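Structural features, examined
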Number of protein chains: 2
Amino acid sequence: MPKSIKDILIEMKNMSELMVDLAYSALLFNSKDAAEEVIKLENKVNRLNYQIKKESLLAARTVEDAEKLTALLEVGEAAETIADSAKDIADLVLKDMRPHPVFKMVMEESDEVIMRIKISEGSELIDKTLGELLLATRTGMTVIAIRRNESWIYGPDRNTMLSAGDTLIAKGNETGRALLIKLANGETKIEDLEYEELTED
Amino acid sequence: MPKSIKDILIEMKNMSELMVDLAYSALLFNSKDAAEEVIKLENKVNRLNYQIKKESLLAARTVEDAEKLTALLEVGEAAETIADSAKDIADLVLKDMRPHPVFKMVMEESDEVIMRIKISEGSELIDKTLGELLLATRTGMTVIAIRRNESWIYGPDRNTMLSAGDTLIAKGNETGRALLIKLANGETKIEDLEYEELTED
């Protein structure tokens, strides 16, 4: 069943925002992980633009229809241009082996990291929600997106359930990164983590 | 004093994300307010790109420097292209007097609104933080950005203090919109609002 045009536009909005966020984050935190996710997302946006084109053509019945529907095609083109630009930024991170001192300074001043990690079979994160896990409180890492097969969960909330094979994209600091890797690999039990306070996150 | 390149990049990231968010929101919620803010933000991004160019030229001392610093110019160009594309989407909302039924459907299906409102002298919002005001809890409106003179506060949090003359950009529903307009105009006292629960927001 084809998605409604509204659904496509909402997904396009989410993917565009995620790409822009990840592209700049890749640059600011020198993260090849984030840059590679941007490249993957570009394909996704291109597919959404294809769907927009198809739906526009299907919806056009009269000359007036067609004139007005060109606006929809323009949105698709704008989305693709945004995706291309985000990819240009990500490419700089991927190709630059020895960055200019100016960039190094930018990157080294930051305590923040952005990371991605795949949830292995046997991880305690599986079949639990982010809220149940108190993941942000326990690790200091905020999950900003989840890639599940070919689809993306953008801006997951406390009710989002994690599955084996999910790729988490998260922001936080070096300590949190190490903890999250261990949890996702099933090397640490969530109960073994110390944390400041047991509040809902 | 010139800003550091890192500061410029962080501001560029925030402004790019805000433009993309507002441009699609303008389209999805049929908001000329949001579209007009996108146009204002485009000038801001152009100024940031100018700063990036200036700092790059100042930092280049050798041929090797210059080669590596072209990457920084490319980031600025990408940011400007993203801004242009967001403006293209906003322009569609501003120029389209009689949208195609497809768009109408997209807009009418949504309960969400996006709005902007300027805080008048005499409003109770002045010199209080978003946290103190419990604004989200009381009105259901989330402030996503604040424009203050020529600068922007992106993603304000509970510690952000509001001032007279601030323009709030907020998302929520029709009921919340009406409440926030009254509060910003000084026509309602915050204590007079009913709200479900007194939790921190």
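Residues numbered from 1 in each chain as written. Chains lettered and ligands numbered in written order. Predicted model: local features only at pLDDT ≥ 70, side-chain atom pairs only at ≥ 80, totals over all residues. Heavy atoms only, no water.

Chain A is annotated in an unreviewed UniProt entry as Potassium channel family protein from Methanobacterium subterraneum.

Moving on: the overall build of chain A. Secondary structure summary: chain A contains 7 helices and 4 strands in total. Walking chain A from its N terminus toward its C terminus, one meets helices and strands in the order α-α-α-α-β-α-α-β-β-β-α. For chain A, the residues scored as buried account for 51% of the 201 residues in total. In chain A, 78% of the contacts between residues at least 6 apart in sequence involve partners at least 24 apart. (Helix = DSSP H or I, 4+ residues; strand = E, 2+ residues; numbered from the N terminus. Buried < 20%, exposed > 50% of the residue type's maximum accessible area, 1.4 Å probe, protein only. Contact = heavy atoms within 4.5 Å.)

As a further point, take the interface of chain B and chain A. At the junction of the two partners, chain B supplies 41 residues and chain A supplies 41 residues. Counting the contacts that link chain B with chain A gives 2 salt bridges. The residue Asp21 of chain A makes a salt bridge to Lys13 of chain B at a minimum N-O spacing of 3.0 Å. Breaking the side of chain B that touches chain A down by element, the ones donating at least two residues are α1 (5-28), α3 (63-95) and α4 (101-108) of chain B. If you tally residues by element for the side of chain B that touches chain A, the top one is α3 of chain B, at 17 residues. When grouped by side-chain class, the residues that make up the side of chain B that touches chain A number 23 nonpolar, 6 polar and 12 charged. (Salt bridge = Lys/Arg side-chain N within 4 Å of Asp/Glu carboxyl O. Nonpolar A, V, L, I, M, F, W, Y, C, P; charged D, E, K, R; others polar.)

Turning next to the pattern of salt bridges. Residues and elements named next belong to chain B. Summed over the entire model, instances satisfying the criterion amount to 24 salt bridges over all chains. Put simply, Glu37 and Arg116 hold a salt bridge, and the shortest N to O gap is 2.6 Å. Taken together, the residues Glu37 in helix α2 (residues 32-59) and Arg116 in strand β1 (residues 113-118) connect sequence positions 79 residues apart. Note on accessibility: Glu37 and Arg116 belong to one class, buried. With a closest N to O distance of 2.7 Å, Asp166 and Arg148 form a salt bridge. Here Asp166, found in the loop between β3 (151-154) and β4 (167-172), pairs with Arg148, found in strand β2 (residues 142-148); they are 18 residues apart in sequence, far enough to count as distant. For Asp166, a relative accessible area of 1% corresponds to the buried category. Of the residues examined, Arg148 reaches a relative accessible area of 26% and is grouped as partly exposed.

In this section: the environment of Lys53 of chain B. Residue and element names in this part refer to chain B. Its location among the elements puts Lys53 in helix α2. Since its relative accessible area comes to 36%, Lys53 is described here as partly exposed. Residues Lys53 and Leu73, 20 residues apart in the sequence, show an inter-C-alpha distance of 6.1 Å.

Once that is clear, we can look at the environment of Asp65 of chain A. Positionally, Asp65 of chain A belongs in helix α3 (residues 63-95). From its side chain, Asp65 of chain A meets the backbone nitrogen of Arg61 of chain A in a polar contact 2.9 Å long. (Polar contact = N/O pair within 3.5 Å; in protein donor to acceptor, adjacent residues only side chain to side chain.)

When chain B is fitted to chain A, the residual RMSD is 0.0 Å, and the transformation amounts to a turn of 180 degrees plus an axial shift of 0.0 Å. Here the symmetry operator amounts to a two-fold rotation axis. Minimal C-alpha distance to the rotation axis in chain B is attained by Ile82 of chain B, lying at 2.5 Å. (Least-squares fit on C-alpha atoms with pLDDT ≥ 70 in both.)

With that settled, the discussion passes to the nonpolar core. Counting residues in each nonpolar core, the largest one holds 80 residues, and the members touching the most others are Leu9 and Leu22 of chain A together with Leu9 and Leu22 of chain B. Counting residues per element, the ones that place at least two in this core are α1 (5-28), α2 (32-59), α3 and β2 (142-148) of chain A together with α1, α2, α3 and β2 of chain B. When near neighbours in sequence (up to four residues on either side) are disregarded, Leu22 of chain B contacts Ala34, Glu37, Val38, Leu41, Ile114, Ile144 and Ile169 of chain B. (Core = buried A, V, L, I, M, F, W, Y, C linked by side-chain atoms within 4.5 Å.)

Glancing now at the packing of α2 of chain B against α3 of chain B. All names here are of chain B. Direction vectors running N to C along α2 and α3 enclose 170 degrees, while the axes themselves pass 9 Å from each other. When the interaxial angle is binned, α2 and α3 end up roughly antiparallel. In the contact of α2 with α3, the residues fall into 15 nonpolar, 4 polar and 10 charged. (Axes fitted to C-alpha atoms, helices over the stretch in contact; angles between N-to-C directions. Parallel < 35°, antiparallel > 145°, perpendicular 65-115°, else oblique.)

All names here are of chain B. Taking strand neighbours across the sheet as the criterion, the 4 strands line up as β1-β4-β2-β3 in an open arrangement whose pairing is antiparallel. Of all strands in the sheet, those with a lone pairing partner are β1 and β3, marking the two edges. Each strand axis lies, on average, 20 degrees off the axis of its neighbour in the sheet, ignoring direction. When β2 meets β3, the two strands line up antiparallel, connected through 4 bridges. Pairing of Arg148 across the sheet is with Ser151, part of β3. Helix-sheet contacts for α1 involve β1, β2, β3 and β4, and the interaxial angle to β3 is about 80 degrees. Across the face of the sheet, helix α7 (residues 174-184) comes into contact with β1 and β4 while running at roughly 5 degrees to β1. (Pairing = 2+ DSSP bridges.)

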